[in-house]
Amino acid sequence: MTESIAPQNPEWVVLAEKADQGKDYAMAFKNHKRYKDSKGYFWICQDPDLLNGDEVVVIALQGHVLALKNPEEYNPNWGMFPKEEKFFRLDTMPIMPQKFELTIADGKYMLVQNAKRFLTKAKTVIIATDPDRAGEHIAVALLRFLNVDMTNTKRLWINSLEKGPVRKGFQNLRDASETYPYYLEDFTRSVADWMIGMNLTCLYSQLCWDNGVRTSGALAIGRVLIPTMMLVWQRELEIANFKPEPYYIDTLLCRTDKGEEFVAQRSGEFKDKSAIPIISKLRGNVTDIKTERESTIPEKLMDLQGLKDRATAELGYKPDDTQDAAEKLYQKHYLTYPRTSINVITENEFNYLLDYHSKYKAFFPDANLVRTMPKKTWVDASKAKEHLAIVPTRTIPDLSSLPEKEKNVYLLAVKSVLAMFEDDYYYDKTTIEVENDYTVSGSVDVDLGWKKFYKKSKNTVLSLPSVKVGEELNIKQEIAEYMTKPPKPYTASTLEKAMENVHKLIDDKATKKILKDAKGLGTPATRSAIVKKVINHHKLLEEIPVKGKKKLPILQTTAKGKMLAELISKTNKVLGEPKMTAEWEDALSRISKLTLSPKAFLDEINKLVWYAFQTLPTELPKVLKTIDTSALGPTGKSATVVIGKCPICGTGNILDSSHPKFNAYTCSEETCELRTKSLFKGTLSKWGHKEINPKEAVKLIKGKKIPCKLTFKSKKYYMLIFREAATGYIKWEFANPKKK
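What comes next is a walk through the structure. Everything numeric here is computed off the predicted structure, so don't read it as measured data.

## Looking at the state of the cysteines
Move 1: Evaluation of the coordinates by the stated rule reveals 0 disulfides.
Move 2: For the unlinked cysteine Cys649, the closest cysteine sulfur is that of Cys667, found at 3.7 Å.
Move 3: Residue Cys649 is classed as partly exposed on the basis of its relative accessible area, which comes to 27%.
Move 4: In this structure Cys672 is a free cysteine whose sulfur lies 3.7 Å from that of Cys667, the closest cysteine sulfur available.
Move 5: Judged by its relative accessible area of 3%, Cys672 is buried.

## A closer look at the sheet that holds strand S17 (residues 438-447)
Pairing between sheet strands relies on hydrogen bonds along the backbone, with the strands arranged either parallel or antiparallel.
Move 1: Ordered in space as S13-S14-S17-S16-S15-S18, the 6 strands form a closed barrel in which the pairing is antiparallel. With direction set aside, neighbouring strand axes in the sheet form an average angle of 40 degrees.
Move 2: As judged from the 10 bridges shared by strand S13 (residues 246-255) and strand S18 (residues 472-483), these two strands associate in the antiparallel manner. The residue bridging Leu253 from the neighbouring strand is Lys476, located in S18.

## Points about the packing of aromatic side chains
Move 1: Scanning the model with the defined rule gives 20 aromatic pairs in all.
Move 2: Taking the centre distance of 5.8 Å and the plane angle of 35 degrees together, the rings of Trp157 and Tyr182 count as tilted. Taken as a pair, Trp157 in the loop between strand S11 (154-155) and helix H5 (163-171) and Tyr182 in helix H6 (residues 180-210) lie far apart in primary sequence, 25 residues in all.
Move 3: On the basis of relative accessibility, which here comes to 13%, the residue Trp157 falls in the buried class.
Move 4: Taking relative accessible area as the criterion, Tyr182 reaches 15% and is therefore assigned buried.
Move 5: Here Phe364 and Phe453 contribute two aromatic rings whose centre-to-centre distance is 5.8 Å and whose plane-to-plane angle is 80 degrees, an arrangement assigned as edge-to-face. Of the two residues, Phe364 is situated in the loop between helix H11 (357-361) and helix H12 (404-421) and Phe453 in the loop between S17 and S18; the sequence distance between them amounts to 89 residues.
Move 6: Residue Phe364 is classed as buried on the basis of its relative accessible area, which comes to 19%.
Move 7: Given a relative accessible area of 10%, Phe453 falls into the buried group.
Move 8: Geometry around Tyr41 places Arg34 over its ring, the cationic atom sitting 4.2 Å from the centre.

## Observations regarding the side chain of Arg223
Move 1: Among the secondary structure elements, Arg223 is positioned in the loop between H6 and helix H7 (225-240).
Move 2: Within the structure, the side chain of Arg223 is placed 3.0 Å from the side chain of Asp193, a separation counted as a polar contact.
Move 3: Discounting chain neighbours no more than four positions away, the residues touching Arg223 are Arg189, Asp193, Met580, Thr581, Trp584 and Glu585.

## Brief notes about the pattern of salt bridges
Move 1: This model, assessed by the stated rule, comprises 49 salt bridges.
Move 2: With a shortest N-O distance of 3.0 Å, Glu185 and Arg133 are connected by a salt bridge. Taken together, the positions of Glu185 in helix H6 and Arg133 in helix H4 (residues 133-145) put the pair 52 residues apart, joining distant regions of the chain.
Move 3: For Glu185, a relative accessible area of 5% gives the class buried.
Move 4: For the salt bridge of Glu585 with Arg223, the shortest nitrogen-to-oxygen distance reads 3.5 Å.

## Structural notes on the nonpolar core
Move 1: Ranked by size, the top nonpolar core spans 102 residues in total, and within it Leu119, Leu142, Tyr204 and Phe601 carry the most contacts.
Move 2: Sequence-distant contacts of Tyr204, that is, excluding residues within four places in its chain, are made with Leu219, Ile221, Leu567, Ile568, Thr571, Asn572, Leu575, Leu616 and Leu620.
Move 3: Membership of the second largest hydrophobic core comes to 45 residues, among which are Trp378, Ala384, Leu399 and Met420.

## A short note on the sheet that holds strand S27 (residues 730-734)
Move 1: In spatial order, the strands read S25-S26-S27; together these 3 strands make up an open sheet with antiparallel pairing. Strands at the two margins of the open sheet, each flanked by one partner only, are strand S25 (706-712) and S27. Between one strand and the next, the sheet's axes are offset by a mean angle of 50 degrees, whatever the strand orientation.
Move 2: Looking at chain direction, S25 and strand S26 (residues 715-723) are connected through 7 bridges and run antiparallel. Bridging from a neighbouring strand, Leu710 pairs with Tyr717 of S26.
Move 3: This element, helix H20 (residues 694-701), spans S25, S26 and S27 of the sheet and lies at about 55 degrees to S26.

## Thoughts on the packing of H7 against helix H13 (residues 492-500)
Move 1: Two elements in contact, H7 and H13, have axes whose closest approach is 11 Å; the angle formed by their N-to-C orientations is 115 degrees. Two packed elements cross with a definite hand, and for H7 against H13 that hand is right-handed. In contact with Thr228, Leu231 and Val232 of H7, H13 contributes Leu495, Ala498 and Met499.
Move 2: Looking at the contact of H7 with H13 residue by residue, the class counts come to 5 nonpolar, 1 polar and no charged.

About the thresholds
- Residues numbered from 1 in each chain as written.
- Predicted model: local features only at pLDDT ≥ 70, side-chain atom pairs only at ≥ 80, totals over all residues.
- Heavy atoms only, no water.
- Disulfide = S-S within 2.5 Å.
- Buried < 20%, exposed > 50% of the residue type's maximum accessible area, 1.4 Å probe, protein only.
- Pairing = 2+ DSSP bridges.
- Helix = DSSP H or I, 4+ residues; strand = E, 2+ residues; numbered from the N terminus.
- Axes fitted to C-alpha atoms, helices over the stretch in contact; angles between N-to-C directions.
- Phe/Tyr/Trp six-rings, centres within 6.5 Å; stacked < 30°, edge-to-face > 60°.
- Lys NZ or Arg CZ within 6 Å of the ring centre and 35° of its normal.
- Polar contact = N/O pair within 3.5 Å; in protein donor to acceptor, adjacent residues only side chain to side chain.
- Contact = heavy atoms within 4.5 Å.
- Salt bridge = Lys/Arg side-chain N within 4 Å of Asp/Glu carboxyl O.
- Core = buried A, V, L, I, M, F, W, Y, C linked by side-chain atoms within 4.5 Å.
- Left-handed = near helix turned anticlockwise from the far one by under 90°.
- Nonpolar A, V, L, I, M, F, W, Y, C, P; charged D, E, K, R; others polar.

And the structure:
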């Protein structure tokens, strides 16, 4: 890394989404060097075979560097005021800015300034953020924020960070106008989510507060968050209201004259026992024996949801652990882009996977190369236009160097590819028919083919008696009674699967199709984060541990979640129904196709919000009277607890105040600066620190520094945190760990 004067008018500027990605782009050039100056880091690269041999600057962001402005940034009368239990100013709501504006996100100012000096002077900008809607949003929003002329902007769209695909991508840049509609779609989605979340969260939270119902934290309302919670709540209702009902299975106990026994069964289940024909005779005949060779083709390649499901089934991994491992493998160049909902590849990928078959086989020596021509089940360019299935790249890892979960997730992807090249799974299925209506079946494996990767051993013995057609048997009818069982509670894995397949819960054909095409609630890449947020941040769901190896905890609604679910179902049912998501996805899809304007869509969201503000203030208090809120704890107005004398004003007391939006420490004196610069308990939660406790709060407000551990990019660091007096913000600095 070298100190340098940054290029003043660069010919090309490559905008990466994150530092590691930027490094991969720079390393693809024959000549590359990283520099640092007072404004930040950048790479200067040059290659005679790329971008006309011109000098190229590569810069990197850290995900979203911009955020929609908070209400008070538009209007000081909007927002939250912890005064006299009125934490949300409903009299000034709903909050609907004439124009939604962006601001630099917390902690991202220097990144934006570093990017600005290059982007605003570049002759051509190459958007090289992740190849998805979020990546497009990150880049285009910044370019527009900085008023960059996008006339000559290009787009790098690749599914692997390996050197070869990166170079090929730079040689085949797309025009940025081709992917710009993805920005329109995602930005409109974020604005709509802001309109719903900001306004209805405030409305529900304050109305409950005004009517004596206390909750820890706000009653968060969100387009995907609420339907996700409602899936769990509705499953709980199904289980609670389930009434077991009997059903009957008609079987024949059969015994040959040689003493071999087996059980044959009539097809179907019977609700009415009297509908089953009674067989009183004690001897019967074998009426048919049929053996047929059957086969199954290899399973499809995996998208992210498929990879998560497979990892849960085989390894007992939580969905978010699998996603985290897949993303790290992508960053290390071992897997293709993981945040995908596509389970096919193109012929280009098929050909390199075929060439590398022998290298992948090193992990599974029994693998065979049988299928060498692409088949549409796995190879379909019409469906793999933007993304591909998750497959291994040309870069082969040393498994011993990988963490356990990354190694196992990588091997899952390798297995799915090797299975594609394997022969079908062949087996002989034998069916014995007794008395025309009863059958028993068994199978013998002929060739495991692709199944060898998922089946522990080959079944070579037919577990059926040796009988002939016409042979007489001793028979005895037995009608077994069973009771129906309730549905199982959701786990994080099965909840994500339900989110993906939510169309199956819908009766309306049009809505069902939209949700099916949209792949359900959320995306494979966002579902784990959504579920995690509903559990850890909003406290609407909780995990209950289950005994057993590889068993995931079950999910259930918290007392807060149950109350909110009842409120939604009785006051604004549409918020909890997947139908609203289907309507949104349909509209957003049309926005991305430029057949619907963002304004037309947002006007409809505006109407939905206004309707809630017109009806809920009268409806919600009535509904609350019908809901048991005792599990939430004491009702009535919030009791604030004095935890010490306020050192800022010297006259008031520091209060431990709990209110709907944030749990905060403030001052009893209205004119005190701590009233407007309250210390929020959860301000460090995104960095892995639990809520700031009263002892810590007193020290911070007094200006003292306190030690803690914070997590950045999955690594924990010992830090000293302190409260900046001028802003009230919590800041930190590195500290050496104390030796015990």
